Amino acid sequence: MIRSVKLPWGTIQYEFERKRIKNINLRIRADRSVYVSAPIGVPLRVIENFIISKSDFIRSAVSRSTQLSDCVFCDGDTIRLFGSDVVVSLSKSSTNKVSLSDGTLFVSLKEPDDEKKRVLIVQRYLNTLAKEYLTEVFDDIFPLFARYKIEKPSLYFRSAKTRWGSCCAQKASVMLNVRLIHYPRKAAEYVAAHELSHMMVQNHSKDFYDILSSVMPDYKERRKILKR
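These lines cover the structure that appears in this document, whether it is placed above or below.

**A few points about the side chain of Glu195**
Right, on to step 1. As for its placement among the helices and strands, Glu195 is situated in helix H4 (residues 185-197).
Right, on to step 2. One buried charged residue, Glu195, forms no salt bridge at all, with the nearest opposite charge on Arg163 at 7.2 Å.
Right, on to step 3. A polar contact of 3.4 Å, which involves the side chain of Glu195, links it to the backbone nitrogen of Cys167.
Right, on to step 4. Once residues within four sequence positions are removed from consideration, Glu195 is found in contact with Gly165, Ser166, Cys167, Val174 and Met175.

**With respect to the environment of Val72**
Right, on to step 1. Topologically, Val72 is positioned in the loop between helix H2 (55-64) and strand E5 (78-81).
Right, on to step 2. Taking the C-alpha atoms as reference, Val72 lies 25 Å from Ser55; in sequence the two are 17 residues apart.
Right, on to step 3. With residues near it in sequence (within four places) discarded, Val72 still touches Asp77, Glu115, Arg118 and Val119.

**Looking at the pattern of salt bridges**
Right, on to step 1. Under the counting rule described, the total for this entry stands at 10 salt bridges.
Right, on to step 2. One salt bridge in this structure joins Lys117 and Glu111, with 2.9 Å as the shortest N-O distance.
Right, on to step 3. With relative accessibility at 36%, the residue Lys117 sits in the partly exposed group.
Right, on to step 4. For Glu111, a relative accessible area of 42% puts it in the partly exposed group.
Right, on to step 5. A salt bridge links Arg222 to Asp218; the nearest nitrogen and oxygen atoms lie 2.9 Å apart.

**Describing H4**
Right, on to step 1. An ideal rise of 1.5 Å per residue puts 18 Å on 13 residues; H4 measures up with 18 Å between its terminal C-alpha atoms.
Right, on to step 2. Burial runs high along H4: 11 of the 13 residues are buried.
Right, on to step 3. Next to the buried residues of H4 lie helix H3 (115-141), strand E10 (165-168), strand E11 (173-177), helix H5 (206-215) and helix H6 (219-225).

**Some remarks on the packing of aromatic side chains**
Right, on to step 1. Considering all chains together, one arrives at 6 aromatic pairs under this definition.
Right, on to step 2. With centroids separated by 6.3 Å and ring planes inclined at 75°, the aromatic side chains of Tyr14 and Phe16 adopt a geometry described as edge-to-face.
Right, on to step 3. Since its relative accessible area comes to 8%, Phe16 is described here as buried.
Right, on to step 4. Taking the centre distance of 4.9 Å and the plane angle of 80° together, the rings of Phe208 and Tyr209 count as edge-to-face.
Right, on to step 5. A relative accessible area of 0% places Phe208 in the buried class.
Right, on to step 6. Of the aromatic side chains, those joined through ring pairs into one cluster are Phe208, Tyr209 and Tyr219.

**Some words on the sheet that holds E11**
Right, on to step 1. Strand order across the open sheet formed by 3 strands is E9-E11-E10, with mixed pairing between neighbours. Two strands in the sheet have a free side with no partner beyond their single neighbour: strand E9 (154-158) and E10. The sheet shows a mean angle of 20° between the axes of neighbouring strands, taken without regard to direction.
Right, on to step 2. Note: E10 against E11, 4 bridges, orientation antiparallel. When the bridges of E11 are listed, Cys167 appears paired with Val174.

**So, the side chain of Arg222**
Right, on to step 1. Structurally, Arg222 is set in helix H6.
Right, on to step 2. In this structure the side chain of Arg222 is engaged in a polar contact, spanning 3.2 Å, whose partner is the backbone oxygen of Lys186.
Right, on to step 3. Those residues in contact with Arg222 that lie beyond four places of it in its chain are Lys186, Ala187, Glu189, Tyr190 and Met216.

**Section: the pairing of strand E1 (residues 2-7)**
Right, on to step 1. With 6 bridges joining them, E1 and strand E2 (residues 10-19) adopt antiparallel strand pairing. Note that in E2 the partner of Lys6 across the bridge is Thr11.

**Structural notes on the sheet that holds strand E4 (residues 34-39)**
Right, on to step 1. Read across the open sheet, the 4 strands follow the order E1-E2-E4-E3; overall the sheet is mixed. Of all strands in the sheet, those with a lone pairing partner are E1 and strand E3 (25-28), marking the two edges. Averaged over all adjacent pairs, the angle separating strand axes in this sheet is 35°, with direction ignored.
Right, on to step 2. This element, helix H1 (residues 44-53), spans E1, E2, E3 and E4 of the sheet and lies at about 55° to E1.

**A word on the packing of H4 against H5**
Right, on to step 1. Relative to each other, H4 and H5 sit at 135°, their axes nearing to 9 Å. Considering their axes alone, H4 and H5 lie oblique with respect to each other. Note on packing geometry: the crossing formed by H4 with H5 is right-handed. Packed against H4, whose contacting residues are Tyr190, Ala193, His194 and Ser197, the element H5 presents Phe208, Ile211 and Leu212 at the interface.
Right, on to step 2. In terms of residue class, the contact of H4 with H5 is built from 5 nonpolar, 2 polar and no charged.

About the criteria used
Residues numbered from 1 in each chain as written. Predicted model: local features only at pLDDT ≥ 70, side-chain atom pairs only at ≥ 80, totals over all residues. Heavy atoms only, no water. Helix = DSSP H or I, 4+ residues; strand = E, 2+ residues; numbered from the N terminus. Buried < 20%, exposed > 50% of the residue type's maximum accessible area, 1.4 Å probe, protein only. Lys, Arg positive; Asp, Glu negative; His and termini not counted. Salt bridge = Lys/Arg side-chain N within 4 Å of Asp/Glu carboxyl O. Polar contact = N/O pair within 3.5 Å; in protein donor to acceptor, adjacent residues only side chain to side chain. Contact = heavy atoms within 4.5 Å. Expected span 1.5 Å × (residues − 1). Phe/Tyr/Trp six-rings, centres within 6.5 Å; stacked < 30°, edge-to-face > 60°. Pairing = 2+ DSSP bridges. Axes fitted to C-alpha atoms, helices over the stretch in contact; angles between N-to-C directions. Parallel < 35°, antiparallel > 145°, perpendicular 65-115°, else oblique. Left-handed = near helix turned anticlockwise from the far one by under 90°. Nonpolar A, V, L, I, M, F, W, Y, C, P; charged D, E, K, R; others polar.

Below you can see the structure in the form of structure tokens.
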């Protein structure tokens with residue numbers, strides 16, 4: 001459900017969901033959208049007062065949170081990796097090094113103020129990280145298809161805007177989108193299973209979904225993650 005609330009600095013829209021939880025939760029996603037979840041019985045006015053109390057945080061996070069595609073990785077920027085918020089920690093160093101640890105992306109550079117070089121170095125690191133991550137996901141999902149006795153496809157990667165993955169059964173190859181690094185592992189596993197199912201059925205018929213559901217019964221819930 002999409003709602004709106006007036007804050008001291010302007011009106012915002014937020015996605016709202018009631019859950020069986022104890023506390024009200026507020027999150028800024030990588031695309032700068034605001035998501036709020038709340039216990040089932042909490043009155044709406046209490047929820048909106050909570051959002052208003054977080055006004056300064058929302059304003060700051062919305063202005064700084066960004067996608068990998070247009071992030072310049074300034075100190076304190078927030079990006080989304082593996083389904084969780086990650087804060088960029090930028091510093092000057094004698095060597096160029098990027099690492100991810102405990103919810104922080106550490107970026108140590110010889111020239112931290114050189115934006116073009118900074119983006120190039122960090123994007124290179126994240127692309128490598130995405131490929132390693134998706135290769136691991138693919139290797140873990142493939143054994144679920146053992147009963148179908150298919151040849152293991154070759155795997156390649158692309159940064160695509162319209163497809164999370166694709167399959168060419170004739171060439172026995174599967175493409176996975178490096179942008180899946182934004183999302184929880186369950187979403188990446190779903191895409192891998194979806195494309196492997198296409199190795200046997202190249203359309204979205206009942207036969208295709210029978211195969212997909214046989215290896216991943218909760219695929220519908222996983223697919224929803226990519227629409228959030």
